Amino acid sequence: MVGTGRRDRAHQRRSDRSPAVSSSSPNRTDRPLLRMVALARPRGTRFALGVLLGALTTGAGVGLLGVSAWLLATAATHPPLTALSVAVVATRALGVTRGVSRYLERLVTHDAAFRTLADVRVRVYERLARSEPIRRFRSGDLVSRLVNDTDSAQDLLLRGLTPPLVAVVAGGAVVAVCTALFAPGGLLLAAGLLLGGLALPLFAAALGRGPGRRQAAARGELSSALVDTLYGAPDLVAYGAMERAVRRVERADAELTRMARRDAAVLGLGSGASALVAGVTVWAVLLLGVAAVADGVLGAIPLAVLVLTALAAFEIVSPLPAVAARLGAIRSAGTRLFDVLDTEPAVRGADTERRLPDGAAALRVRGLRVRYGPEEPWALDGVDLDLAPGRRIAVLGPSGSGKSTLASVLFRFRDPDEGTVELGGADITDHPADEVRRIVSGVPQDPHIFASTLRENLRLARPDADDADLWAALERARLAEDVRTTMPDGLDTEVGAHGARLSGGMRRRLALTRALLAHPRVLVLDEPTTHLDPDTRDAVLDDLLAASEGYSTLLITHDLARLEQMDEIYVIVDGRVVQHGSHADLLAEKGWYRGAHGLPDPPRGGLRAVR
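Model, not experiment: these values are computed from the prediction.

Caption draft 1: Structural view of the overall build of the protein chain. A tally of helices and strands in the protein chain yields 20 helices and ten strands. The buried share of the protein chain, taken over its 611 residues, is 47%. Excluding contacts between residues fewer than 6 apart, the proportion of contacts in the protein chain whose partners are at least 24 apart in sequence is 75%. For the protein chain, the exposed area adds up to about 29,000 Å²; of that, 59% sits on carbon and sulfur atoms.

Caption draft 2: The pattern of salt bridges, seen in detail. A complete count under the given rule lists 25 salt bridges for this structure. Of the charged contacts in the structure, one is a salt bridge between Arg43 and Asp119, with a shortest N-O distance of 2.7 Å. Taken together, the residues Arg43 in the loop between α2 (32-38) and α3 (44-75) and Asp119 in helix α4 (residues 81-129) connect sequence positions 76 residues apart. Using a relative accessible area of 17% as the deciding quantity, one classes Arg43 as buried. One network of salt bridges, with partners in common, ties together Arg369, Asp381, Glu418 and Arg576.

Caption draft 3: Representation of the packing of α3 against helix α10 (residues 300-317). Following both chains from N to C, one finds α3 and α10 inclined at 155°, their axes separated by 8 Å at the closest point. Our classification of the angle between α3 and α10 gives roughly antiparallel. The two elements α3 and α10 cross, and the hand of that crossing is right-handed. Contacts between α3 and α10 involve Thr58, Val62, Leu65, Gly66, Ala69, Trp70, Ala73 and Thr74 from the first element and Ile301, Ala304, Val305, Leu308, Thr309, Ala312, Ala313 and Ile316 from the second.

Caption draft 4: Inspection of the UniProt feature "transmembrane region" (unreviewed entry) in the protein chain at higher detail. The feature "transmembrane region" (unreviewed entry), as given by UniProt, occupies residues 47-73, 79-97, 165-183, 189-207, 266-291 and 297-317 in the numbering adopted here. Secondary structure content for residues 79-97 is 89% helix and 0% strand, and the end C-alpha separation is 27 Å. As annotated, residues 266-291 comprises 100% helix and 0% strand, and the C-alpha atoms at either end are separated by 38 Å.

Caption draft 5: Up close: the sheet that holds strand β8 (residues 552-557). Read across the sheet, six strands follow the order β6-β7-β8-β3-β9-β10 without closing on themselves; strand pairing throughout is mixed. Every other strand in the sheet has two partners, leaving β6 (440-443) and β10 (576-581) as the edge strands with one partner each. If you compare each strand with its neighbour and ignore which way they point, the axes differ by 20° on average. With five bridges connecting them, strand β7 (residues 522-526) and β8 associate as parallel partners. What sits directly across from Asp526, in β8, is Ile556.

Caption draft 6: Spotlight on α10. End to end, α10 covers 27 Å across 18 residues, agreeing with the expected 26 Å (1.5 Å per residue, within 8%). Along α10, the residues classified as buried are Leu303, Val305, Leu306, Val307, Thr309, Ala310, Ala312, Ala313, Phe314, Ile316 and Val317.

Caption draft 7: Spatial organisation of the packing of helix α17 (residues 504-517) against helix α18 (residues 534-547). Contact geometry for α17 and α18: axes closest at 10 Å, N-to-C directions at 10°. Relative to α18, the element α17 lies roughly parallel. Facing α17, whose interface residues are Gly505, Arg508, Arg509, Leu512 and Leu516, α18 presents Thr536, Ala539, Val540, Asp543, Leu544 and Ala547. Within the contact of α17 with α18, the residues separate by chemical class into six nonpolar, two polar and three charged.

Caption draft 8: Summary view of a nonpolar patch on the surface. Where nonpolar side chains cluster on the molecular surface, the patch consists of Val96, Val100, Tyr103, Leu104 and Leu107 and spans about 480 Å² of accessible area. Tracing the backbone through its elements, the reader meets Tyr103 in helix α4. Since its relative accessible area comes to 56%, Tyr103 is described here as exposed.

Caption draft 9: Inspection of the nonpolar core at higher detail. Counting residues in hydrophobic clusters, the biggest one holds 30 residues, and the most contacted among them are Leu363, Leu368, Leu385, Leu423, Val524 and Leu554. Of all hydrophobic cores here, the second largest spans 28 residues; its members include Val62, Cys178, Leu298 and Ala312.

Caption draft 10: Summary view of the environment of Asp427. Take Asp427: it is sitting in strand β5 (residues 426-427). The sequence separation of Asp427 and Arg364 amounts to 63 residues, and the corresponding C-alpha distance is 9.3 Å. In terms of polar contacts, Asp427 uses its side chain to reach the side chain of Thr429, at 2.8 Å.

Caption draft 11: The pairing of strand β9 (residues 568-573), seen in detail. Of all six residues in β9, five are buried; the element is thus mostly enclosed. Note: β9 against β10, five bridges, orientation antiparallel. Within the sheet, the bridge partner assigned to Ile572 lies in β10 and is Val577. Adjacent in sequence and paired antiparallel, β9 and β10 are bridged by two residues, among which Asp574 carries a positive phi angle near 55°.

Caption draft 12: Local environment of the confidence of the model for the protein chain. Predicted confidence across the protein chain gives a mean pLDDT of 81, with 89% of residues reaching 70 or more. Across the protein chain, element-level confidence peaks in β9 with a mean pLDDT of 93 and bottoms out in helix α1 (residues 4-14) with 41. Segment residues 1-29 is flagged for pLDDT under 50; beyond a separation of four residues in sequence, or across chains, it makes 65 contacts in the model. When the criterion is pLDDT under 50, residues 605-611 qualifies, and its contacts beyond four places in sequence or with other chains add up to 17 contacts.

Caption draft 13: Structural view of the sheet that holds strand β1 (residues 363-371). Pairing in this open sheet of four strands is antiparallel, and the strands run β2-β1-β4-β5 from one edge to the other. With partners counted over all chains shown, the strands left at the sheet margins are β2 (378-387) and β5, one partner each. Pairing of strand β4 (residues 418-423) with β5, which is carried by two bridges, proceeds in the antiparallel orientation. Across the sheet, Glu422 pairs through a bridge with Asp427, a residue of β5. Sheet strands touched by helix α12 (residues 403-410): β1, β2 and β4. Its angle to β1, the strand with the most contacts, is close to 115°.

Caption draft 14: Just the packing of aromatic side chains, in detail. Counted under the stated rule, the structure contains one aromatic pair. Between Phe411 and Phe413 the ring centres are 5.8 Å apart and the planes differ by 40°, which places this aromatic pair in the tilted class. Among the residues examined, Phe411 registers a relative accessible area of 8% and is labelled buried. Here the guanidinium or amino end of Arg369 rests over the ring plane of Trp378, the centre of that ring lying 3.9 Å away.

Rules behind the numbers
Residues numbered from 1 in each chain as written. Predicted model: local features only at pLDDT ≥ 70, side-chain atom pairs only at ≥ 80, totals over all residues. Heavy atoms only, no water. Helix = DSSP H or I, 4+ residues; strand = E, 2+ residues; numbered from the N terminus. Buried < 20%, exposed > 50% of the residue type's maximum accessible area, 1.4 Å probe, protein only. Contact = heavy atoms within 4.5 Å. Areas by Shrake-Rupley, 256 points an atom, 1.4 Å probe, with all protein chains shown as cover. Salt bridge = Lys/Arg side-chain N within 4 Å of Asp/Glu carboxyl O. Axes fitted to C-alpha atoms, helices over the stretch in contact; angles between N-to-C directions. Parallel < 35°, antiparallel > 145°, perpendicular 65-115°, else oblique. Left-handed = near helix turned anticlockwise from the far one by under 90°. UniProt positions renumbered as here; feature names shortened; annotations may be inferred. Pairing = 2+ DSSP bridges. Expected span 1.5 Å × (residues − 1). Nonpolar A, V, L, I, M, F, W, Y, C, P; charged D, E, K, R; others polar. Patch = residues over 30% accessible without salt bridge, like charges linked within 9 Å, V, L, I, M, F, W, Y side chains within 5 Å. Core = buried A, V, L, I, M, F, W, Y, C linked by side-chain atoms within 4.5 Å. Polar contact = N/O pair within 3.5 Å; in protein donor to acceptor, adjacent residues only side chain to side chain. pLDDT = per-residue confidence, 0-100. Phe/Tyr/Trp six-rings, centres within 6.5 Å; stacked < 30°, edge-to-face > 60°. Lys NZ or Arg CZ within 6 Å of the ring centre and 35° of its normal.

Here is the structure:
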């Protein structure tokens with residue numbers, strides 16, 4: 001048994017927090033773009049190299065046009081061929097450099113971006129593996145966050161980070177060269193580049209911010225509508241609601257299409273404005289240069305180099321308005337991504353990889369309190385419960401009384417807000433969740449059956465199990481005969497999506513078989529007969545109880561069937577234990593249990609004090 005001091009420390013560690021409550025810290029959605037860029041920090045050197053290679057590529061392209069202008073203008077004066085040889089070699093060198101550096105830049109930046117994206121996906125998967133975020137978001141919207149919003153990190157790094165940095169480096173170098181040739185022309189080019197590379201992107205970003213935010217939300221709504229319609233198709237058809245569901249999908253698709261058109265319009269406007277600024281700037285440089293040639297300040301050959309270099313320089317800033325227009329959508333996607341990553345975990349990992357004691361594990365619950373929000377009522381309010389090794393107890397109560405919350409705590413899907421849960425005298429919150437699940441296993445209220453073979457669904461619990469182990473577990477769960485008679489492919493039978501090819505009772509037995517393969521010491525059966533007809537319910541209960549022989553078993557149910565086979569029954573109403581005792585004792589006393597069986601209150605003299 002855990003000592004008093006240890007229980008106090010456990011209580012203090014959990015006392016002023018509600019793990020089910022999503023974090024709402026001020027910086028949860030603050031500056032999502034900077035947070036997304038920070039994800040690439042481990043590969044900052046690679047991105048810096050990519051920026052330098054990108055600047056070299058752009059500079060080589062601008063230099064190629066400038067040297068070509070010098071070569072053509074000089075050739076028009078019919079100089080000796082040797083005077084052009086250096087320019088010819090430089091033209092070839094710049095052409096080769098542009099191609100090679102472009103390849104290397106793409107190789108380096110895409111490699112760094114894909115590796116960063118892989119890290120982000122792993123972080124998201126690890127976060128979802130704790131299970132609680134899956135319950136906090138709609139399934140279709142969660143898929144959108146996992147795929148589209150996660151991919152936005154790659155878009156930001158490749159299109160939103162590298163091009164602006166390349167523009168600063170390459171643009172500064174080009175302006176310096178042009179200023180050296182003709183200072184007024186260089187300054188005019190700098191003004192044009194600032195207008196096309198800074199003012200226009202800021203304007204495009206302002207136009208795209210609202211549509212980008214709505215586009216991310218519209219994409220999530222479309223994904224949710226599609227998933228709901230596909231998975232709910234049988235019910236929608238049965239109740240004549242399919243047409244409404246299809247209209248919902250069509251509305252979501254129309255909204256997303258409208259957002260995409262608005263996005264395309266912003267991109268087109270940015271591209272047109274960029275071309276206009278480039279044209280006006282080049283004409284201004286040309287006119288200024290012609291006047292300088294007429295005054296004898298500038299030569300004809302430098303004029304040609306200046307004008308064509310100015311024309312090529314706008315290649316540096318031309319991608320920026322489109323990038324800026326996308327920042328609104330990327331920012332919104334980043335916010336949605338960090339909504340998942342910042343979700344406060346309902347189960348906190350232990351500091352060390354401590355193992356629970358071996359041998360028979362007694363389950364002891366004291367003062368357990370759990371709620372789903374700081375302003376929500378207690379789902380469990382001071383529950384005390386004991387399960388001795390090899391015993392069977394039932395937790396009974398009406399729907400919404402907190403029974404499944406108790407199962408979530410025992411399965412380590414959430415931590416207690418207050419109180420302790422001990423296995424073999426050890427507090428389960430002091431140990432890793434997987435270590436607790438090695439001891440406690442069972443059948444959740446809605447067990448998931450994967451769209452795979454029967455064998456792979458069973459080996460999920462024990463990957464090293466051979467066919468003999470699988471058949472032994474199936475025999476114990478009384479499912480082996482059904483497999484032999486109704487499944488011609490045996491263990492290789494495809495069970496369909498969500499076990500659609502299996503009956504409700506077979507799905508429950510399959511989930512139990514999976515739990516038995518894990519060899520737990522405590523078996524938790526959470527509402528194992530939900531949605532089953534009475535005959536199937538009784539058969540499944542008989543099989544479950546037979547299979548659980550020898551295990552410490554906790555049956556969570558709202559059904560009254562087979563409770564006489566339990567060693568003890570706990571009745572939970574509104575999160576509190578209002579009765580506990582044997583089936584016979586509870587029938588003999590006034591209370592919820594006797595009333596649930598439809599029996600009148602016993603005579604006064606026959607009452608037993610409610611414990």
